[in-house]
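Descriptive structure summary
So you can see what is in the structure, the chains are spelled out below.
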Amino acid sequence: MMPSFFLHRIRGFSMAEIMVAVFIVGLIIGPLVLLLNQSTQKTNVSMYLFLAMHYADEIAQQLQRMAPHFDQILAEAKDPTSQTTPTLRDLLMDGNFLNEVKKLDNNFTLAFFQFGAKKLQACLMLSPMDGHFKTRTLDVYPLVSQTSSILGQKNFWKVNIILEWKEIQNGPTQSALFPIILGNP
Amino acid sequence: MNRLKTTPELIPILRRGFLLWVALLVFFVLGVFVFTFNQLVVNQNIRTHHELLVQTADLLGQSSVQLIVNRFKQGLEPILRQEAPALFQPISTTGAEPKECDLSASICGQFKSEIQTFLNQLDEVQFFKGLFKHLPNCTDVRVVFRLQKSIHPTFSIQQTRDPVEKKGEMIVSCTIEFHGISRKVTATRHFSLVSMVPGPFCRFTLYAPFSPWPHCYTALGICYNGEVDTKYEHPFPQPQSFKGPLILNNSLEKFDIGKSRDDESDLQNRGWVFIGPSPDEAVFLKISNGYNSYSGGSFHFMMPPGTSPNGKYKVIPPEVIEDPSNFNQNAADFKPYLIGKQMMGFYTQVDYGNQQLGAAAMGLWDKDLWPKNGNWLSTDRWRCACSWIYPYGNMANPSRTLIIGPVLVGFLVAYFARNLAPEVTSWQKGFFSPPPPKDSYNPEDRISSVGDPFPIAFRYRSVFLQPPPPSLAQGYTSLERVSPWCSISNPDAPVPTEGIAFNTFFDFMRYDKQPDDKKPFPDYQGEPSLASAKYDQKPRCVPNSILARETNPNIPGLHPSEDVKILLPKSNTVEDTNQDQLYFHGSLREYNFPIDFGYAVGAVPRVTHILDLQMLDDADQENDRVRDFLFRPSTERDECKTGFWIPRRSGIFYILRPKDIKSGGKKMVLPKNIFLDKSLMIVSIHGDMLISGDITTSLPETGGIETPPKGENLLSLIPLDGDIYLGPEAKKIHAYLAPIGPGREGGAGGNRLLADQKPFSNKLDIFGGLAAWEIGLYKTAGEDPRDCGTTMNSFPKGGMITYNPYFNPSAPTYEESRKLIVDDLHIEQKSEGAQ
């Protein structure tokens, strides 16, 4: 049985109290929600940036390990009827190869090097990318070395590994660029 | 009780603003959490931004380290010898702690500078432009060699030891600064510092430890003028015609015009020859006769055309006896005679008369010696054949060397006297052969003449004009001094009691010849006479060569193979101690490369790369793996342009072939057309190797001129228990070929150099050297435990082996054979913050 003093003495909150409370809640929760939302978005930025680092590192490590063998890959790419041998830029910027690199499958991708329509034996093994990622690509530029190069008379290349993603469907595109330097005879 | 009664009265007071307070409290707590969360997120974002900088710096650091390591893999030894000399010092043999050796700051500075050049071109990684532009900086590069252990800690008999060879760790670090964040990437890799010279056999242009019988190299028919007698058919082990000799050119140097030559260093820098003893202990190399053009013939037994009076018989000029005390030229019956000898090579065909009997038909064998009590038979013609091996070069390029054996040269000598009186003009007068034994020396005897027409016969006395005995003996001594040595071709005489030690005989091969003159080589007339005291004062570098000229020399000049020391060159990098100076000490005849290499004990310490093909059963697949592991196709950016296979890296490669493959089975095929731009040693186990095409260090001909070979790029091919085959297209081989696996119990049946299609259609053309267990012919086919034929059977056209002096462990160039081989993968790579 309910105590008698509750039955007789309890009164509800006044409308004024409730309105003030709601007003104050409104004042406070708005910025908090906004702040929370921003924090959540910033958390996504970190998350995708870390993922981008992972994807880039995966490519960078493989390309660096492959560097001593690029001459063989380039020789395989060479058209026997042609006098010229493709450069590393030709190889890494090949459209078909870049399409393989970009592939957004849910499975591991073997991106075989290609030159023209010729598929080569060497490949990169690439992890599946998070669904928010839109692009994984390479950009290659020649580097100018010193006249008397201590690093040997080789061709040096700047390879930019570029990743792009969108945190939300219609949001702005974010990107990150990771450079490595490669050399080949 | 009173207090309990008053509580309900308090509730309205407490209730007032309660909700507001609760709401405020909740929102305060919520706010604290949200702000904390936000702060965490902000911190996380800052950290992520730093991680991005760290990642960028790490990737650039890793790239830089990789570039530096790859540079070492390409070969940086000339710089390292200057900038890290401790690396090329022998490691302590006392078991002391490992040493460390830093690459000099100047070279590291150059690496740093070049990396910075690249970093300055990375515009895309900038977060800010203009004034706030900040590119990555390379702030430090270091390379340290941690020397762990010597490959050959101690010296052992019969084992090759280069005290500088070692293994260790190479630590390369590079520090990159980017937006205030400094990251140091350190990579550690194993390295080996090894010589590309496989072993002591590389001291030799030709190294053949086993000789089936003393005359196993006697196979070449020669015309009197030095051309090859193609009609001659050698009977052993089955009838075969040899079309050309195997000429050994023991140095790249030609005649050194106008330069005084130091004999010791000259011989030190030349390839030597080791022809192992036969079961009868020695082998004979019968010198070929000849005086033909520069492109033919043997260089030695000749006179230039037109020198002799009638132009027909070319002989070495007679010695002028400069011995007035024993030759009483004032005597009343003095006549101006010269006494001399004609040294002749072996030949199977003369340009006149009997074509089938060669030198024997000319009466150059003493009838009392051979043939004994019988007539000369055409089947004996092989005794007039000469050696298939010309270890002394040829007339176009005489090449001095030292032979270890024992190896004896055989040649023919005829003595003659010549009257200088005007009425005597013929050179071919008064042969008497061989010199009379001392006991039978009688000055009253008349000199027997050989052949017809020889109308003039002399008394010894009339030649020597000596007073009566006892000084007659001095006249005999004079005769001996004029013609001190003779190889008597007595087939029944035991070796090595017959013959002349090669080294003694060729000791005079010194380079005072001018290239364009047509004087005979050596220039006897330019040299002091043998009888002159000046001759004795001439320096000779063959041991005991002076002793060899004494009355009873007991075959001096022989270099037996039992106790041979090969020394490393004295240099600043090798401690001048007895042990560290010794490269090899032991018996060449018993040297066993598979044991020395470590195969027998299952440890191959010098090996830098192992290719294990034991699981493969497809020959094509095996050959593809070998090709792709060792070589890469050339491109137009390479020195040789396209169309060649180029070594992928330097190193000592050990190829483990399937165990069921034996010699005579599937061959390991090297790709066609290899261009050497770096050094490597390929050692395989189980089965044979096939060289299918050219291996060259010189560029292809352009405008008909071929570039000279690059001796510093060394390739050694060594099947441990197999033969090396040359394919029909393998015309030019710039490599040291070493099918050196011994025969059973160190005897017959060892490994050889063979032609893939017998007989080989071309002449051998090797720039490097050849070490094969055996190359000589057997006397009968049944004596050969193998039925594959021998090297001589395979290459009847002969050819030339030119020694590559960079293989010489005793030459000053030897240190260039030591290569720093860096492993393909890091042991460890770490990135850490740097100050």
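One structure accompanies this document, and this report is about it. Bear in mind the structure is a predicted one, so any value in this text is a computation, not a measurement.

Section: helix α14 (residues 619-630) of chain B
All names here are of chain B. The terminal C-alpha atoms of α14, which comprises twelve residues, lie 16 Å apart, in line with the 16 Å expected from a rise of 1.5 Å per residue. Inspection of α14 places Glu622, Asn623, Val626 and Leu630 among the buried residues, and these make up the whole buried set. Each buried residue of α14 lies within a common arc of 95° when the element is viewed along its axis, so the set occupies one face. Looking at the buried positions of α14, the neighbouring elements they touch are β19 (609-612), β20 (631-633), β21 (645-647), β22 (651-656), β23 (668-670) and β25 (680-685).

A few points about the packing of helix α2 (residues 18-74) of chain B against helix α4 (residues 105-119) of chain B
Residues and elements named next belong to chain B. The interhelical angle for the contact between α2 and α4, taken along N-to-C directions, is 130°, at an axis separation of 11 Å. The angle between α2 and α4 falls in the class oblique. Both α2 and α4 take part in a crossing whose hand is right-handed. For the pair α2 and α4, the contacting residues are Leu60, Ser64, Leu67, Ile68, Arg71 and Phe72 in the first and Phe111, Ile115, Phe118 and Leu119 in the second. Here the residues of the contact of α2 with α4 are counted per class, giving eight nonpolar, one polar and one charged.

Describing the sheet that holds strand β4 (residues 155-166) of chain A
Residue and element names in this part refer to chain A. The strand order across the open sheet built from three strands is β3-β4-β5, with neighbouring strands paired in antiparallel fashion. Two strands close off the open sheet at either side, each with one partner strand: β3 (133-143) and β5 (173-184). Geometrically, the sheet is characterised by an average inter-axis angle of 20° between neighbouring strands, direction not taken into account. Relative to β5, β4 runs antiparallel, the two being bridged by twelve bridges. The residue of β5 that forms the bridge with Trp157 is Leu182.

Focus on the pattern of salt bridges
Residues and elements named next belong to chain B. What the rule picks out here adds up to 23 salt bridges over all chains. Two residues, Lys73 and Asp824, come together in a salt bridge whose shortest N-O distance is 2.5 Å. Residue Lys73 is located in helix α2, and its partner Asp824 is located in the loop between β34 (818-822) and β35 (828-833); the two are separated by 751 residues in the primary sequence. Judged by relative accessible area, Asp824 falls into the partly exposed class, the value being 33%. The salt bridge partner of Asp628 is Arg627, with a shortest N-O separation of 3.1 Å. Salt bridges here are not isolated pairs; linked through shared partners, they connect Lys73, Arg649 and Asp824.

Focus on the pairing of β19(B)
Residue and element names in this part refer to chain B. Alternating residues of β19 divide into His609 and Leu611, all buried, and Ile610 and Asp612, none buried. Pairing geometry for β19 and β22, over four bridges, is parallel. For Leu611, the partnering residue across the bridge sits in β22 and is Ile655.

With respect to the pairing of strand β2 (residues 137-150) of chain B
Residues and elements named next belong to chain B. In this sheet, β2 lies alongside strand β1 (residues 99-102) in antiparallel orientation, the contact comprising four bridges. Pairing of Asp102 across the sheet is with Val144, part of β2. Two strands pair when backbone bridges link them, and β2 and strand β3 (residues 166-178) are joined in this way by twelve bridges, in the antiparallel orientation. Within β3, the residue paired with Arg146 across the bridge is Glu169.

Each value, and the rule that gives it
- Counting from 1, residues in each chain are numbered in the order their sequence is written.
- Numbering of ligands from 1 and lettering of chains from A proceed in the order in which they are written.
- Residue-level local features of this predicted model are given only where pLDDT is at least 70; pairs of side-chain atoms are given and counted only at 80 or more, and the full residue set underlies all totals for whole chains, interfaces and linings.
- Note that the side-chain values use all heavy atoms of the structure and ignore hydrogens as well as water.
- For the purposes of this entry, the term helix denotes a DSSP run of H or I that reaches at least four residues, the term strand denotes a run of E that reaches at least two, and both are numbered from the N terminus.
- In this scheme, a helix's expected span is set at 1.5 Å multiplied by one less than its residue total.
- When accessible area is computed with a 1.4 Å probe and restricted to protein chains, residues below 20% of their type maximum are described as buried, those above 50% as exposed, and intermediate ones as partly exposed.
- It is the directions from the helix axis to the C-beta atoms that the arc portrays.
- Contact between two residues is taken to exist if any of their heavy atoms lie within 4.5 Å; hydrogens are not considered.
- Under this scheme, a helix contributes an axis fitted over its contacting stretch, all axes are lines through C-alpha atoms, and angles between N-to-C directions fall in the 0 to 180 degree range.
- Throughout this description, any angle smaller than 35 degrees is read as roughly parallel, any larger than 145 degrees as roughly antiparallel, any in the 65 to 115 degree range as roughly perpendicular, and the remainder as oblique.
- Put simply, a crossing is left-handed when the front helix is turned counterclockwise from the back one by less than a right angle, and right-handed when it is turned clockwise.
- When residue character is reported, Ala, Val, Leu, Ile, Met, Phe, Trp, Tyr, Cys and Pro are called nonpolar, Asp, Glu, Lys and Arg charged, and the others, Gly included, polar.
- Here, a strand pair is defined by DSSP locating no fewer than two bridges between the strands.
- Salt bridges are defined as contacts in which a side-chain nitrogen from Lys or Arg sits within 4 Å of a carboxyl oxygen from Asp or Glu.

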